[in-house]
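Residues per chain are reported as follows:
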Amino acid sequence: MSDCQARVPESTNIWQFCVVLPNAKIGENCNICSHCFIENKAVIGNNVTIKNGVQIWDGVTLEDDVFVGSNVSFTNDRYPHAKNAAWQLTPTVVKRGASIGAGSTILCGVTIGENAMIGFLSLHDVTAMHAAEIHEAARRVIDSGWYLQGKENETFECHYANYIGTEHCIGCANGLDALIWIFRAYIELGVMQPGDEVIVPANTFIATILAITENGLTPVLVEPRRETLEMDDLHIEAAITPRTKAICIVHLYGRCAMTEKIADLCNRYNLKLIEDNAQAHGCMWKGKRTGSIGDAAGHSFYPGKNLGALGDAGAVTTNDAELATAIRALANYGSQQKYVFRYAGRNSRLDELQAAILDVKLKYLDEDIKRRQEVAAYYYDHIANPLIELPARLPDTSNVYHLFPVLVKDGKRDALQAYLAANGVGTVIHYPIPPHQQECYAHAPWNNPQLRLPITESLATSELSLPISPCMTHEQVKYVVTQINKFND
């Protein structure tokens with residue numbers, strides 16, 4: 001600390017490289033991590049947690065039980081480039097129990113309400129739910145001295161295959177690689193060849209498209225239904241040609257994308273059914289989990305997913321033993337036997353630490369999904385703003401609510417997002433630029449510059465994802481709804 005006159009109780013911990021100016025007021029049982037700056041007229045209540053790299057300037061008050069994530073910056077000047085602006089200082093208050101996500105910038109003059117959650121998702125809170133078991137899993141791996149292709153991978157792959165309902169699970173580096181290896185393995189096995197076509201929803205995250213083009217295959221984009229946000233099965237058959245070899249469905253937002261019509265088309269045209277299950281761990285269709293419905297499925301365990309690692313991680317699930325063997329080899333440099341390379345593969349392996357952590361969190365996945373469904377039910381039952389369009393409500397078994405997207409009418413999406421941010425509610429746009437409008441595909445032979453996909457393009461300008469996680473309290477959920485219902489631009 002810069003001065004011993006700063007009022008810091010013995011029960012409060014302040015870590016290295018912090019600057020706390022003398023007149024700052026700090027309460028009991030606080031934990032202030034390294035590289036923070038706290039100015040003279042800052043007031044911090046009791047039981048406050050402030051993570052690394054936070055800047056708290058004059059006029060900022062944090063009430064009791066507030067959590068502030070890493071690298072949050074509070075401002076106190078409406079005109080921050082002014083040189084003599086003491087008179088412009090505007091107080092900011094964060095009320096009791098509020099949570100501010102990492103990397104947020106809090107504008108001056110706002111009052112963040114009790115139990116508000118600014119920032120879309122607190123990964124700190126998600127991890128803290130099972131912190132003791134996660135720490136024990138990490139210790140076990142570190143002490144073992146075995147960090148790749150060991151028992152932790154074997155255990156997680158077995159448990160996850162059983163959970164999904166497939167015979168095989170192959171861990172890999174991330175969700176994009178999981179999809180890449182599926183298509184690459186089909187090419188190596190002679191089922192597909194470069195130039196073949198894969199039907200895919202036009203409104204997916206770009207990773208789905210990247211996995212197809214990475215293998216020299218041709219994506220054929222099909223519009224979604226606005227009310228479901230998933231690929232419209234009524235338009236798929238018209239997109240099938242003699243070069244079509246697969247339909248890739250994407251369980252976007254955690255919503256099941258599978259339909260009877262898609263199953264019928266795959267059977268009638270002898271097409272492979274690939275699932276992008278990156279956002280839908282635990283989702284169901286007709287008594288089967290997504291990830292076991294098709295011929296193969298790619299899964300992402302990015303930290304923000306319903307089943308998230310503490311870094312990048314992914315997996316493929318399938319009942320096809322030959323495909324599984326090829327994928328396992330491709331992800332291990334192309335080798336099925338040490339120093340013998342059947343394929344020209346890459347290094348894309350799930351490490352032991354991530355496998356051990358995922359195995360801990362897998363035990364609680366259904367419980368976490370249930371809480372997400374409770375939050376979503378409150379949103380459906382209580383959001384009542386004519387500017388907000390809710391997607392069609394599915395049975396809980398068909399939606400695990402990785403995200404809760406709403407559509408904002410009349411071009412008011414950005415205004416609503418700004419309003420919610422100013423009132424302590426973090427939101428995210430998924431996805432503001434559709435794949436066919438991305439620069440990387442501007443000159444792709446399959447992408448006609450005049451291609452227009454009006455539903456996809458409309459979703460990109462109107463979609464807004466509300467906060468949803470198993471950590472949200474009932475008070476926080478009510479607060480989000482209250483703020484949405486107040487919005488009238």
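Please refer to the structure placed before this passage.
The structure reproduced in this document is the subject of the present report. Remember, predicted model here, so these are calculated numbers, not experimental data.

1. Quick notes on the overall build of the chain
When its secondary structure is counted, the chain shows 13 helices and 30 strands. Here the chain has a C-alpha radius of gyration of 25 Å; the compact-globule value for 489 residues is 23 Å, and the two agree. Looking at the chain as a whole, 55% of its 489 residues are labelled buried. The long-range fraction of contacts in the chain, counting pairs at least 24 apart against all pairs at least 6 apart in sequence, stands at 57%. Accessible area of the chain: about 21300 Å², with a carbon and sulfur share of 51%. Across the chain, the mean location of the 41 positive side-chain charges is 1 Å away from that of the 54 negative side-chain charges.

2. Observations regarding the layout of surface pockets
The computed volume of the largest pocket comes to approximately 650 Å³. Surrounding the largest pocket, 29 residues form its lining, Gln279, Tyr302, Lys305, His402 and Tyr431 being those nearest its centre. At the level of secondary structure, the elements contributing two or more residues to the lining of the largest pocket comprise helix H4 (175-188) and helix H5 (206-214). It is H4 that provides the largest number of residues to the lining of the largest pocket, a total of 3 residues.

3. Re the side chain of Ser300
Relative to the elements of secondary structure, Ser300 occurs in strand S24 (residues 296-300). A residue is classified by how much of its surface remains accessible, and Ser300, at 7% relative accessible area, is buried. With near-sequence residues (within four places) excluded, Ser300 lies in contact with Gly175, Ala278, His281, Lys305, Leu307, Ala313 and Gly314.

4. Brief notes about empty space enclosed by the protein
What the rule picks out here adds up to 3 cavities of 30 Å³ or more. Space inside the largest cavity adds up to approximately 70 Å³. Lining the largest cavity are Asn203, Thr204, Tyr253, His430, Tyr431, Pro434, Pro435, Thr456, Leu459, Ala460 and Glu463. For the lining of the largest cavity, the element with the most residues is helix H12 (residues 454-462), which contributes 3 residues.

5. Observations regarding the packing of aromatic side chains
Overall, the coordinates contain 11 aromatic pairs when judged by the stated rule. Ring geometry for Phe156 against Tyr160: centres 5.5 Å apart, planes inclined by 20°, an arrangement best described as stacked. Here the residue Phe156 and the residue Tyr160 both occupy positions in helix H3 (residues 151-164), the gap between them amounting to 4 residues, near one helical turn. Comparing Phe156 with Tyr160, the two get one shared label, buried. A network of ring pairs unites the aromatic residues Phe156, Tyr160, Tyr163 and Phe301 as a single cluster. Positioned over the ring face of Tyr163 is Arg289, at 3.9 Å from the centre of the ring.

6. Notes on the sheet that holds strand S12 (residues 92-94)
In a beta sheet, neighbouring strands pair by backbone hydrogen bonds and run either parallel or antiparallel. In spatial order, the strands read S3-S6-S9-S12-S15; together these 5 strands make up an open sheet with parallel pairing. Since the sheet does not close on itself, it has two edges, and those belong to strand S3 (25-26) and strand S15 (111-112), each with one partner.

7. Things to note about the pattern of salt bridges
Any two side chains of opposite charge can pair, so long as their charged atoms come close to each other. Counting across every chain of the model gives 23 salt bridges. The closest approach of N and O atoms between Arg140 and Glu152, which form a salt bridge, is 2.8 Å. Remark: Glu152 occurs in helix H3 and Arg140 occurs in helix H2 (residues 131-144); sequence separation between them is 12 residues. Assessed through its relative accessible area of 35%, Arg140 is described here as partly exposed. Note on Glu152: relative accessible area 14%, which makes it buried. The partner of Glu157 in a salt bridge is Arg328, and the shortest N-O contact between them spans 3.2 Å. A residue pair is termed long-range when its members are at least 10 positions apart, and Glu157 in helix H3 and Arg328 in helix H8 (residues 321-330) qualify at 171 residues. Since its relative accessible area comes to 11%, Glu157 is described here as buried. Owing to a relative accessible area of 40%, Arg328 belongs among the partly exposed residues under this scheme.

8. Observations regarding the pairing of strand S21 (residues 272-276)
Side-chain positions along a regular strand alternate between the two faces of the sheet. Burial within S21 is extensive, with 4 of its 5 residues counted as buried. Inspection of the sheet shows strand S20 (residues 244-250) paired to S21 by 5 bridges, in the parallel sense. Paired with Val250 across the bridge in S21 is Asp276. The parallel pair S20 and S21, bridged by helix H7 (residues 260-269), forms a crossover whose chirality is right-handed. Pairing of S21 with S24, which is carried by 3 bridges, proceeds in the parallel orientation. Opposite Ile274, over in S24, you have Ala296 as the bridge partner.

9. Focus on unusual backbone geometry
Cis geometry is adopted by the peptide bond preceding Tyr431, which originates at His430 and carries an omega value of 0°. Mapped onto the elements, Tyr431 comes out in the loop between helix H11 (413-422) and H12. The phi torsion at Tyr339 lies on the positive side, around 70°, for a residue other than glycine. Inspection of the secondary structure puts Tyr339 in the loop between strand S26 (335-337) and strand S27 (340-341). Residue classification places Tyr339 among the exposed positions, given a relative accessible area of 67%.

10. Details of the nonpolar core
One finds Ile50, Ile56, Leu62, Phe74 and Tyr379 to be the most contacted residues of the largest nonpolar core, which totals 53 residues. The set of elements that each furnish at least two residues to this core consists of strand S9 (60-62), helix H10 (365-382), strand S29 (404-408), H11, strand S30 (463-466) and helix H13 (474-486). In this view, Leu62 contacts Val43, Ile44, Gly45, Val48, Ile50, Ile56, Val68, Phe74 and Val94; residues no more than four positions away in its chain are not counted.

Calculation criteria
- Residues numbered from 1 in each chain as written.
- Predicted model: local features only at pLDDT ≥ 70, side-chain atom pairs only at ≥ 80, totals over all residues.
- Heavy atoms only, no water.
- Helix = DSSP H or I, 4+ residues; strand = E, 2+ residues; numbered from the N terminus.
- Rg over C-alpha atoms; globule rule 2.2 N^0.38 Å.
- Buried < 20%, exposed > 50% of the residue type's maximum accessible area, 1.4 Å probe, protein only.
- Contact = heavy atoms within 4.5 Å.
- Areas by Shrake-Rupley, 256 points an atom, 1.4 Å probe, with all protein chains shown as cover.
- Lys, Arg positive; Asp, Glu negative; His and termini not counted.
- Charge placed at Lys NZ, Arg CZ, Asp CG, Glu CD.
- 1 Å grid on protein atoms, 1.4 Å probe; cavity = no way out; pocket = protein on both sides within 12 Å on 5 of 7 lines; lining within 4 Å.
- Points joined across faces, edges and corners; volume = space filled by probe spheres on them.
- Phe/Tyr/Trp six-rings, centres within 6.5 Å; stacked < 30°, edge-to-face > 60°.
- Lys NZ or Arg CZ within 6 Å of the ring centre and 35° of its normal.
- Pairing = 2+ DSSP bridges.
- Salt bridge = Lys/Arg side-chain N within 4 Å of Asp/Glu carboxyl O.
- Right-handed = clockwise from strand over helix to strand, strands pointing away.
- Core = buried A, V, L, I, M, F, W, Y, C linked by side-chain atoms within 4.5 Å.

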